[in-house]
Amino acid sequence: MTDQYPRPDGLLGRFSAARGVADAADGLVHIEIDGTGELLALDLDPRAMRLPAVDLSAAIRQAFRDARAQVQGQLQEQLSGQPPTLPEGLGPLLNDLGFSAQRRLDDMAAAAQQIADRLDRMGGATR
């Protein structure tokens, strides 16, 4: 089944195209991720295996954080320069769904209040 509405402005494409690349431990650890957080590359120089496990783990996490920060910066720049737009007709549909959901919540809240009022009256009558 295909979606009736395309993704806003190829938003997934923008996220997939963004790249973050970072090194840590003096270049012994190299990481590349995309805008969805997918790990595209994790390269370890053979000398990295000589590091204590805790240091290697910290280096991998640091490289990942640095790459993620690059991606986040790219995406913020892209989205502020060209914000995504909803496909024609989707905005009013989402508004209608929101109003319908709000009406249902209001109805449920009113029903809950009626039940609470009845329970209060029942509890007061037995005292």
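The structure under discussion appears in the preceding block.
Since this is a predicted model, take the numbers as computed values, not measurements. (Residues numbered from 1 in each chain as written. Predicted model: local features only at pLDDT ≥ 70, side-chain atom pairs only at ≥ 80, totals over all residues. Heavy atoms only, no water.)

(A) Looking closely at the overall build of the protein chain. Looking only at helices and strands, the protein chain features 3 helices and 3 strands. Reading the secondary structure of the protein chain in the N-to-C direction produces α-β-β-β-α-α. Per-residue burial over the protein chain gives 17% buried out of 127 residues. Across the protein chain, contacts joining residues at least 24 apart in sequence account for 54% of those joining residues at least 6 apart. Counting only carbon and sulfur atoms, one obtains 55% of the accessible surface of the protein chain, whose full area is about 9,400 Å². (Helix = DSSP H or I, 4+ residues; strand = E, 2+ residues; numbered from the N terminus. Buried < 20%, exposed > 50% of the residue type's maximum accessible area, 1.4 Å probe, protein only. Contact = heavy atoms within 4.5 Å. Areas by Shrake-Rupley, 256 points an atom, 1.4 Å probe, with all protein chains shown as cover.)

(B) Spotlight on the environment of Phe15. Inspection of the secondary structure assignment puts Phe15 in helix H1 (residues 11–17). With a relative accessible area of 26%, Phe15 lands in the partly exposed category. Contacts of Phe15, omitting those with residues within four sequence positions, involve Asp34, Gly35, Thr36, Leu75 and Leu79.

(C) Focus on the pattern of salt bridges. The full count for this structure, using the stated rule, is 2 salt bridges. As a salt-bridge pair, Arg19 and Glu32 come within 3.5 Å of each other at their nearest N and O atoms. On the criterion of sequence distance, the pair formed by Arg19 in strand S1 (residues 19–24) and Glu32 in strand S2 (residues 29–34) is long-range, its members being 13 residues apart. (Salt bridge = Lys/Arg side-chain N within 4 Å of Asp/Glu carboxyl O.)

(D) Fine view of a nonpolar patch on the surface. A surface patch of nonpolar side chains, about 340 Å² in accessible area, is lined by Leu39, Leu42, Leu44 and Met49. Position of Leu42 relative to the elements: it lies in strand S3 (residues 39–44). (Patch = residues over 30% accessible without salt bridge, like charges linked within 9 Å, V, L, I, M, F, W, Y side chains within 5 Å.)

(E) Representation of the sheet that holds S1 within the structure. The strand order S1-S2-S3 describes an open sheet built from 3 strands, whose pairing is antiparallel. Two strands close off the open sheet at either side, each with one partner strand: S1 and S3. Averaged over all pairs of adjacent strands, the angle between their axes in this sheet comes to 10°, without regard to strand direction. By the bridge criterion, 5 bridges tie S2 to S3 in an arrangement that is antiparallel. (Pairing = 2+ DSSP bridges. Axes fitted to C-alpha atoms, helices over the stretch in contact; angles between N-to-C directions.)

(F) Fine view of the nonpolar core. The biggest cluster of nonpolar side chains holds 14 residues, and the ones touching the most others in it are Ala24, Val29, Ile31, Ile33, Ala63, Ala67 and Val71. Counting only elements with at least two residues in this core, the list comes to S1, S2 and helix H2 (53–81). With residues up to four places along the chain from it excluded, the contact list for Ile31 reads Gly20, Val21, Ala22, Leu39, Ala41, Leu42, Ile60, Ala63, Phe64 and Ala67. (Core = buried A, V, L, I, M, F, W, Y, C linked by side-chain atoms within 4.5 Å.)

(G) Structural view of the pairing of S2. The pairing of S1 with S2 spans 6 bridges and is antiparallel. By the bridge assignment for S2, Asp23 is matched with His30.

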